[in-house]
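# Structure assessment
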Amino acid sequence: MLDSNDHEFPLQSKNLPFSFYVQFQSLDYDNIENQLFLEEERRMSYLGFRCLEISRWVVCGWIGFLTGLIACFIDIAVEELAGFKYQVVKENIEKFTEVGGLSISLLLWAVLNAAIVMVGAIIVAYFEPIAAGSGIPQIKCYLNGIKIPRVVRLKTLVVKVCGVICSVVGGLAVGKEGPMIHSGAVVAAGVSQGRSTSLKKDFKIFEYFRRDTEKRDFVSAGAAAGVSAAFGAPVGGVLFSLEEGASFWNQMLTWRIFFASMISTFTLNFFLSIYHKNTGDLSSPGLINFGRFEGDSVAYNLYEIPLFILMGAIGGLLGALFNILNYWLTIFRIRYVHRPCLQVMEAMLVAAVTATVSFTMIYFSNDCQPLGPEHAEEYPLQLFCADGEYNSMATAFFNTPERSVRSLFHNQAGTYNPLTLGLFTLTYFFLACWTYGLAVSAGVFIPSLLIGAAWGRLFGILLAYITPNSWADPGKYALIGAAAQLGGIVRMTLSLTVIMVEATGNVTYGFPIMLVLMTAKIVGDYIVEGLYDIHIKLQSVPFLHWEAPATSHWLTAREVMSSPVTCLNRIEKVGTIVDTLSNTSTKHNGFPVVVQVLGNEEPAKLCGLILRSQLIVLLKHKVFVELARSRLTHRKLQLKDFRDAYPRFPPIQSIHVSQDERECMMDLTEFMNPTPYTVPQETSLPRVFKLFRALGLRHLVVVDDENRVVGLVTRKDLARYHLGKHGLEELQLAQT
């Protein structure tokens, strides 16, 4: 068993043509309260602490502003490019409808989609694979305390923004709202550090925030600002960060996150009003505008509550089916579609198939409806319908998903016939399931809402057929179905309720949406996990859930801990430290510091804990006892030296130590954390788990009754026991 190693959580595949070996590091959410840190804190005046608090608010304001600008850029780019593409294809279809040869229109549509998606897939697969998908699972992992490589870098943000534009314009069954959460998190991680390590530019500001604890809080604010920009839901953004992401929460953090969300919504709203030549009109605050439910469509009665619960159960079942199908599809991709060229080809294939299926559904549909002024913002196709009419199926397929959702919510009764909605639900369900997990930047929020809105409206139409005089407009059921489907897939409850209420601008449906989401979650969780949790597990991430396994009370820290532990003496030989850090078989990141009693062979007594990153900085600056005594050091090492190296600490191989220096000694007293968290070896696993989950620990030292080190508990140890035998078998199945 590996001892203090929280670096690796490996699963190796024998069937892959290369060694599939996943490695993750934990983040240090527990402040290292060594002598340097305490001296700095004690020197700081009350005014200094107030300035730091003001700086936190300033950073959150910048996070909201920049996230809103990015959302505005994405929205304008998608509107312009998608509008141009749809106009070209529409004119081509109308031309060949009269003279024949619609196969040319199909070819044009498929080629345009495939070409645009190819660009988005290439930049993701070849330049930054971590930018694939919505990024929500990765941000959840980051806030959980796991360092996902390159997840919050500037390059990731650029690829994410360009990739999501290509995905949406390319006609894939995706949305641009989910990736905004990842984009906001990247913005937060960059702004809060006052520098860009990618651009090698340091603005010499916010240096105090260069540690994992502070960075985590700002990333929470960035994720909330992304939700706020996507849906125009500042409160929903705060609740999303609380429900889905944050591992730490307090009242002051809540206020700052709400401030960032508010600024994000305002920024997006203001600049979009300028773009739409209606400066000052702040009535459309998000990337998606569901429109307001007014008149008869707002009312609902007591006898409809059981129907809403039934729709929630349907959403849970369909969501579970979606997740199961996507789970097996992801396993197939891990096994066979792991090369970048194959990933790009699959994305192009999905784009072409999506266009072909859409065209075929539109071509064979004879659902003609009167063309009214409400279709001014859409791209209605006449095809074989009479003058003054349009093909209803085209409204669902031949538009951006956001516009299709809005039309399903608000188009008057009779706009869609049941066959159209049934066929659309079936085809779009499988297209969205196939699309999620491609090597493109894309989200699952809008496709889920669109699927649910389609079958929800169908549900309302069927009710109207059964009792014609008892039911209101079917758009109401489209909203409930959309909430049920999205809740069944992602299993969000509290935050999604508020998001839906804020996005529709009507609190009347708050209670039905709560019922639907709770029902969808209960039904879905009984069958399979949520989509994000499934993908986290398939990536072999040592994710810690809110609670310890239900049957873990019989386990103690002794059964979970890694032992023996690699320890360092308080005054240690430099050569020993270098050899310990250079050991490639076990890349430990935390080392208990002990005091060994001379002539005593019993385990040494604990006096502190020091991290790999700290030791590397000490070696880089050659903080040796002999050099200090001979006054060869120019200055005393400060916390600034550690912050300047954060977060990309150099590898031990880049640190040159001469043979003479290897014989020197290093005093760790000033730099180690003298008060690390410890537990007796009889501590129950649930208690150990709570310490890790609530405090964001990376290492927990296990001691005996005489404070002697007997073991070390790491995130890897807890994740292994949390998964259990069944979970590990699933992971091995996924990657072999």
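Residues numbered from 1 in each chain as written. Predicted model: local features only at pLDDT ≥ 70, side-chain atom pairs only at ≥ 80, totals over all residues. Heavy atoms only, no water.

### Notes on the nonpolar core
Within the largest apolar cluster, 154 residues are counted, with the highest numbers of intra-cluster contacts made by I362 and F409. Of all the elements, helix 2 (residues 46–99) adds the most residues to this core, at 15 residues. Ignoring anything within four residues of it in the chain, the contact list for I362 reads W109, L381, L383, N391, M393, A394, F397 and F398. If you look at the next biggest cluster of nonpolar residues, it comprises 29 residues, including I610, F624, F671 and M672. (Core = buried A, V, L, I, M, F, W, Y, C linked by side-chain atoms within 4.5 Å. Buried < 20%, exposed > 50% of the residue type's maximum accessible area, 1.4 Å probe, protein only. Helix = DSSP H or I, 4+ residues; strand = E, 2+ residues; numbered from the N terminus. Contact = heavy atoms within 4.5 Å.)

### With respect to the pairing of strand 14 (residues 709–714)
In terms of burial, strand 14 is a largely internal element, 6 of the 6 residues being buried. With 5 bridges connecting them, strand 13 (residues 699–703) and strand 14 associate as antiparallel partners. Following the sheet pairing, L700 is matched in strand 14 by V713. (Pairing = 2+ DSSP bridges.)

### Some words on the state of the cysteines
Tallied over the full model, the rule gives 0 disulfides. No disulfide involves C166; its sulfur sits 6.9 Å from that of C162, the nearest cysteine. (Disulfide = S-S within 2.5 Å.)

### Side note on the sheet that holds strand 14
In spatial order, the strands read 12-13-14; together these 3 strands make up an open sheet with mixed pairing. Looking along the sheet, the strands with just one partner apiece sit at the ends: strand 12 (678–680) and strand 14. Sheet twist, expressed as the mean angle between neighbouring strand axes with direction ignored, is 30°. Bridge analysis of strand 12 against strand 13 gives 3 bridges, and the strand direction is parallel. Bridge pairing links T678 to V701 in strand 13. Across the sheet, helix 26 (residues 685–695) touches strand 12, strand 13 and strand 14, and the angle it forms with strand 13 is around 150°. (Axes fitted to C-alpha atoms, helices over the stretch in contact; angles between N-to-C directions.)

### Re unusual backbone geometry
Following S563, the chain continues to P564 via a peptide bond in cis, the omega torsion being 0°. Tracing the sequence through the fold places P564 in the loop between helix 20 (557–560) and strand 7 (568–569). A cis amide bond, omega -5°, links Y646 with the succeeding residue P647. If you trace the backbone, P647 turns up in the loop between helix 24 (639–645) and helix 25 (659–662). Backbone geometry at K204 places phi at a positive 60°, although glycine is not the residue there. In this structure, K204 sits in the loop between strand 4 (201–202) and helix 7 (212–231). Under the relative-accessibility criterion, K204 is labelled exposed at 54%. In this structure, K622 takes a positive phi of about 55° despite not being glycine.

### Side note on helix 18 (residues 510–527)
In an α-helix there are 3.6 residues to a turn, and that puts residues three or four apart on one side. Look at helix 18: 26 Å from first C-alpha to last across 18 residues, which is about the 26 Å you get at 1.5 Å a residue. Along helix 18, the positions that sit buried rather than exposed are G510, P512, I513, V516, L517, T519, A520 and G524. Against helix 10 (305–336), helix 16 (475–490) and helix 17 (494–504) lie the buried residues of helix 18. (Expected span 1.5 Å × (residues − 1).)

### Details of the side chain of D641
Turning to its location among the elements, D641 is positioned in helix 24. Overall, D641 belongs to the buried group, its relative accessible area being 9%. There is a polar contact of 2.9 Å between the side chain of D641 and the backbone nitrogen of Q638. (Polar contact = N/O pair within 3.5 Å; in protein donor to acceptor, adjacent residues only side chain to side chain.)

### A few points about the sheet that holds strand 7
Read from one edge to the other, the open sheet built from 3 strands follows the order 7-9-10, with strand pairing classed as mixed. Both outer strands of the open sheet, strand 7 and strand 10 (605–611), are each paired with one neighbouring strand and no more. Where strand 9 (residues 590–595) lies against strand 10, 6 bridges are found, and the strand directions are antiparallel. By the bridge assignment, G590 is partnered in strand 10 with L611. Set on the sheet, helix 22 (residues 612–620) makes contact with strand 7, strand 9 and strand 10; between it and strand 10 the angle comes to about 75°.

### Focus: the packing of helix 4 (residues 136–144) against helix 7
Remark: helix 4 packs on helix 7, axes separated minimally by 10 Å, with the N-to-C direction vectors making an angle of 150°. Overall, the two elements helix 4 and helix 7 adopt an arrangement that is roughly antiparallel. Every pair of crossing elements has a handedness; the one defined by helix 4 and helix 7 is left-handed. On the side of helix 4, the interface is formed by I139, Y142 and L143, while helix 7 contributes K215, R216, V219, S220 and A223. Class assignment of the residues belonging to the contact of helix 4 with helix 7 gives a composition of 5 nonpolar, 1 polar and 2 charged. (Parallel < 35°, antiparallel > 145°, perpendicular 65-115°, else oblique. Left-handed = near helix turned anticlockwise from the far one by under 90°. Nonpolar A, V, L, I, M, F, W, Y, C, P; charged D, E, K, R; others polar.)

### Considerations on the environment of L66
With respect to the secondary-structure elements, L66 resides in helix 2. What makes L66 partly exposed here is its relative accessible area of 26%. Separated by 121 residues in sequence, L66 and V187 place their C-alpha atoms 7.2 Å apart. Among all residues touching L66, those that are not within four sequence positions of it are V187 and V191.

### Topic: the packing of aromatic side chains
Following the criterion strictly, the structure yields 20 aromatic pairs and no others. Taking the centre distance of 5.1 Å and the plane angle of 50° together, the rings of F332 and Y336 count as tilted. On the criterion of helical spacing, the pair formed by F332 and Y336 is a turn pair, its members being 4 residues apart in helix 10. Every member of this aromatic cluster is reached through a ring pair, and the members are W62, F65, F266, F270 and F271. Over the ring of Y86 we find K85, and its NZ or CZ is 4.6 Å from the ring centre. (Phe/Tyr/Trp six-rings, centres within 6.5 Å; stacked < 30°, edge-to-face > 60°. Lys NZ or Arg CZ within 6 Å of the ring centre and 35° of its normal.)

### Examining the confidence of the model for the protein
Across the protein, the average pLDDT comes to 84, with 89% of residues at or above 70. Scored below 50 in pLDDT, residues 1–22 makes 79 contacts in the model with residues more than four places away or belonging to other chains. This model gives residues 725–736 a pLDDT under 50, and the stretch forms 31 contacts once residues within four places in sequence are excluded. (pLDDT = per-residue confidence, 0-100.)

### Here we look at the packing of helix 2 against helix 9 (residues 251–275)
Orientation of helix 2 relative to helix 9, taken along the N-to-C sense of each, is 35°, at an axis distance of 7 Å. Where helix 2 crosses over helix 9, the two elements pack in a sense that is right-handed. By residue class, the composition of the contact of helix 2 with helix 9 is 16 nonpolar, 6 polar and 6 charged.

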